[in-house]
Number of protein chains: 2
Amino acid sequence: MPSDQTRTAILAAAERLYADRGFGDVTLRDIVAAAGVNLAAVNYHFGSKDELIAELFVTRSIATNRERLNELKAAEEKGGGRADIDAILRALVGPTLRGCLGPDRERSTAARFMIRASIESVPPIRRIKNREVDHLRKFVAAMRRSLPDRGEVDLYWGLHFALAMAHHTIRESERLARLSDGKCDLNDVAGIIERIVAVSVMALTGGAAEKKPAAKLVARDAR
Amino acid sequence: MPSDQTRTAILAAAERLYADRGFGDVTLRDIVAAAGVNLAAVNYHFGSKDELIAELFVTRSIATNRERLNELKAAEEKGGGRADIDAILRALVGPTLRGCLGPDRERSTAARFMIRASIESVPPIRRIKNREVDHLRKFVAAMRRSLPDRGEVDLYWGLHFALAMAHHTIRESERLARLSDGKCDLNDVAGIIERIVAVSVMALTGGAAEKKPAAKLVARDAR
DNA sequence: TTGCATTTCAAACACTTGTATGAAACTATC
DNA sequence: GATAGTTTCATACAAGTGTTTGAAATGCAA
């Protein structure tokens, strides 16, 4: 059995560099330099640059999806097969937001890499990404169980908007900070999640307060 | 005065190619081939590839911003200096959505180019893009006039979410179509705009129906 | 037409990219 | 300890990039 410390060093360095600087301007030479290995090691261990990216993406993709589904399943079991809509949405956007935002960006490399992958859309990733709809369908199903009276199309749009707010918040966090002169606290990840979930719930329920007391719907104007 | 048909041919070809395929994989040779001009013409007329991109971006940027501000000003004048919040948001997201979505993608090249620019974040654009916050501040000011009781931070988040939904809808329109098996009609641009505006208004007003009858807040389940 | 500035063109330049090669170093089995 | 398989390494390669060059072509005033 081969010692794969070179392999993992390449994977770690590549993920960090891609997360920080994007796929566009990270070369194989940058990666091997950061990993402290030889240039030819990438092609030896992975075959090509694209296969390296693909392996990176599939690994993180199933990890993120599992994290989401675990939260979803926990919420559904607690509710006896029918989770509250806000819990479903929290399971959808929570993992990514917690991974990408907040002060502890140390182990957030994976999440930041996934955001890069969702933004830049490089060929090897685009091919894989089509399976993601199957993953999202599970959330649509859970939402349908939670809101059986809502129309199908509204559910799709609600899920779409929830992802929109989550991803856009991650991508444009600095612009929001500058626009608001720092008044929008982007380190308060829990607060951001609640904000996005609250808006998504309103989008899905038409603004009328539902069965739950809707605790977090009030404006939070810290600082 | 020089005949600038070569210049404009380059600009048109570059904008179309960038809009269609992104900055990443469009070379100068692709551009000059599409424009039917010589390779050296780009450097002769623009100095460098980055300056070509920058000129493209600033031109479209001020055009889009003007379109937005015209709608905003019209709404504010109609309301005697204080526009309804939904009119403000419509002025913010309407122009871009109308340009990028819908069946007539012929003259939407400009809007699609702007979306590319907002996604890929290539260096020459990133430098210019910082001025956009000044443009957005005008919308924050209008929102403050329209909703004087709302907290500052809520206004920023509301504007942020509105842009999030608009941009994400443009970027991931095909995924939404596939996820919903075509049930989400992405050719109904006016309906999409109203949907986004409605959710944004709810995000800003906390879900309670305000002074206006909130006409469009009901779910639309066409098809 | 002559002369001069502007614009076009083919060709080459310098550089970076991902990939391939073949020898060297290493590892573990017999 | 010899040998076969695996891994590393320096180096080279082919292709593609933006840019530059200097001459040819063009347009336009005197």
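Everything here concerns the structure above.
Criteria and thresholds
Here the residue index of a chain counts from 1 through its sequence in written order. By the order in which they are written, chains take letters starting at A while ligands take numbers starting at 1. At least 70 in pLDDT is required for a residue's local features to be given in this predicted model, at least 80 for side-chain atom pairs to be given and counted, and no such filter applies to totals for whole chains, interfaces and linings, which use all residues. By convention in this description, side-chain values take in all heavy atoms of the structure and omit both hydrogens and water. The helix count covers DSSP runs of H or I at least four residues long, the strand count covers runs of E at least two residues long, and both are numbered beginning at the N terminus. Classification of residues uses two cut-offs on accessible area relative to the type maximum, computed with a 1.4 Å probe and protein chains only: under 20% is buried, over 50% is exposed, and between them is partly exposed. Note on contacts: a residue pair is in contact if any heavy atoms of the two residues lie within 4.5 Å. Defined here as a combined quantity, buried area equals the accessible surface (1.4 Å probe) lost by two parts on assembly, summed across both. Definition used for salt bridges: Asp or Glu carboxyl oxygen within 4 Å of a side-chain nitrogen of Lys or Arg. Polar contact is the term for a pair of N or O atoms within 3.5 Å; when the atoms are in protein, one must be able to donate a hydrogen and the other to accept it, and sequence-neighboring residues count only if both atoms are side-chain atoms. Any residue outside Ala, Val, Leu, Ile, Met, Phe, Trp, Tyr, Cys, Pro, Asp, Glu, Lys and Arg is labelled polar, Gly included; the first ten of those are nonpolar and the last four are charged. Least-squares superposition of the copies uses the C-alpha atoms of those residues scoring a pLDDT of at least 70 in each of them. Any two of the Phe, Tyr and Trp rings considered here, Trp counted by its six-membered ring, make a pair once their centres fall within 6.5 Å; the pair's planes then place it as stacked at under 30 degrees, edge-to-face at over 60, or tilted in between. To estimate the expected span of a helix, subtract one from its residue number and multiply by 1.5 Å. Under this rule, positive means Lys or Arg and negative means Asp or Glu; His and the chain ends count for nothing.

Undergrad: Lay out the overall build of chain A with the relevant residues and their values.
TA: Scanning chain A from terminus to terminus reveals 11 helices and zero strands. Listed by position from the N terminus, the elements making up chain A come as α-α-α-α-α-α-α-α-α-α-α. The burial tally for chain A puts 52% of its 223 residues in the buried class. Within chain A, contacts between residues separated by at least 24 positions form 72% of all contacts whose residues are at least 6 apart in sequence.

Undergrad: Tell me about the interface of chain B and chain A, and name the residues and values.
TA: You'll often see interface size given as the accessible area lost when the parts meet. Listed per partner, the contact involves 47 residues of chain B and 46 residues of chain A. Counting the surface lost from both chain B and chain A, the interface buries some 4,600 Å², and carbon and sulfur atoms represent 64% of this. Three residues, Trp 157, Arg 175 and Leu 179 of chain B, lead the burial of chain B against chain A; their summed loss comes to 16% of the area buried on that side. Here Arg 195 of chain A ties to Asp 154 of chain B by a salt bridge, and the two come within 2.9 Å at their closest N and O atoms. Along the contact surface separating chain B from chain A lie eight residue pairs in polar contact (both at pLDDT 80 or more). Counting residues per element, the ones that place at least two in the side of chain B that touches chain A are helix 6 (109-120), helix 8 (132-146), helix 9 (152-171), helix 10 (173-179) and helix 11 (189-205) of chain B. Element by element, the count of residues in the side of chain B that touches chain A is highest for helix 9 of chain B, at 15 residues. Split into classes, the residues belonging to the side of chain B that touches chain A amount to 22 nonpolar, 10 polar and 15 charged.

Undergrad: Which residues make up the relation of the copies chain B and chain A, and what values go with them?
TA: Its rotation angle being 180°, the transformation that places chain B on chain A also includes 0.0 Å of axial translation and leaves an RMSD of 0.0 Å. Overall, the copies show the geometry of a two-fold rotation axis. An overlap of 98% is found between the interface residues of chain B and their copies at the interface of chain A, pointing to a shared contact surface.

Undergrad: Help me get a handle on the pattern of salt bridges, residues and values and all.
TA: Opposite charge on two side chains allows them to pair when their charged atoms are near. Residues and elements named next belong to chain A. Considering all chains together, one arrives at 28 salt bridges over all chains under this definition. Across the salt bridge formed by Glu 194 and Arg 90, the nearest N and O atoms sit 2.6 Å from each other. Remark: Arg 90 occurs in helix 5 (residues 85-100) and Glu 194 occurs in helix 11 (residues 189-205); sequence separation between them is 104 residues. Residue classification places Arg 90 among the partly exposed positions, given a relative accessible area of 25%. Within this structure, Asp 86, Arg 90 and Glu 194 form a network of salt bridges that share partners.

Undergrad: An account of the packing of aromatic side chains is requested, with residue identities and associated values reported.
TA: A ring pair, where both rings are aromatic, is described by two values, the distance of the centres and the angle of the planes. The full count for this structure, using the stated rule, is six aromatic pairs over all chains. A centroid spacing of 4.6 Å and a plane angle of 40° characterise the contact between Tyr 18 of chain A and Phe 23 of chain A, whose relative ring orientation is tilted. Summarising the burial analysis for this pair, Tyr 18 of chain A and Phe 23 of chain A share the class buried. Residues Trp 157 of chain B and Phe 161 of chain B carry aromatic rings whose centres are separated by 5.4 Å and whose planes lie at 45° to one another, so their mutual orientation is tilted. With a gap of four residues between them, Trp 157 of chain B and Phe 161 of chain B both fall in helix 9, about one helical turn apart. Trp 157 of chain B sits in the buried class, given a relative accessible area of 3%.

Undergrad: Outline helix 1 (residues 5-21) of chain A, listing residues and values.
TA: Taking 1.5 Å of rise per residue, 17 residues should cover 24 Å, and helix 1 of chain A covers 24 Å from first to last C-alpha, within 8% of that figure. Among the residues of helix 1 of chain A, those classed as buried are Ile 10, Leu 11, Ala 13, Ala 14, Glu 15, Leu 17, Tyr 18 and Ala 19 of chain A.

Undergrad: Which residues make up the side chain of Arg 171 of chain B, and what values go with them?
TA: Secondary-structure assignment places Arg 171 of chain B in helix 9. For the buried residue Arg 171 of chain B, which engages in no salt bridge, the nearest side chain bearing the opposite charge is Glu 172 of chain B, 4.1 Å off. Leave out the neighbours within four places in its chain, and Arg 171 of chain B touches Ser 118, Ile 119 and Arg 171 of chain A together with Ile 115 and Ile 119 of chain B.

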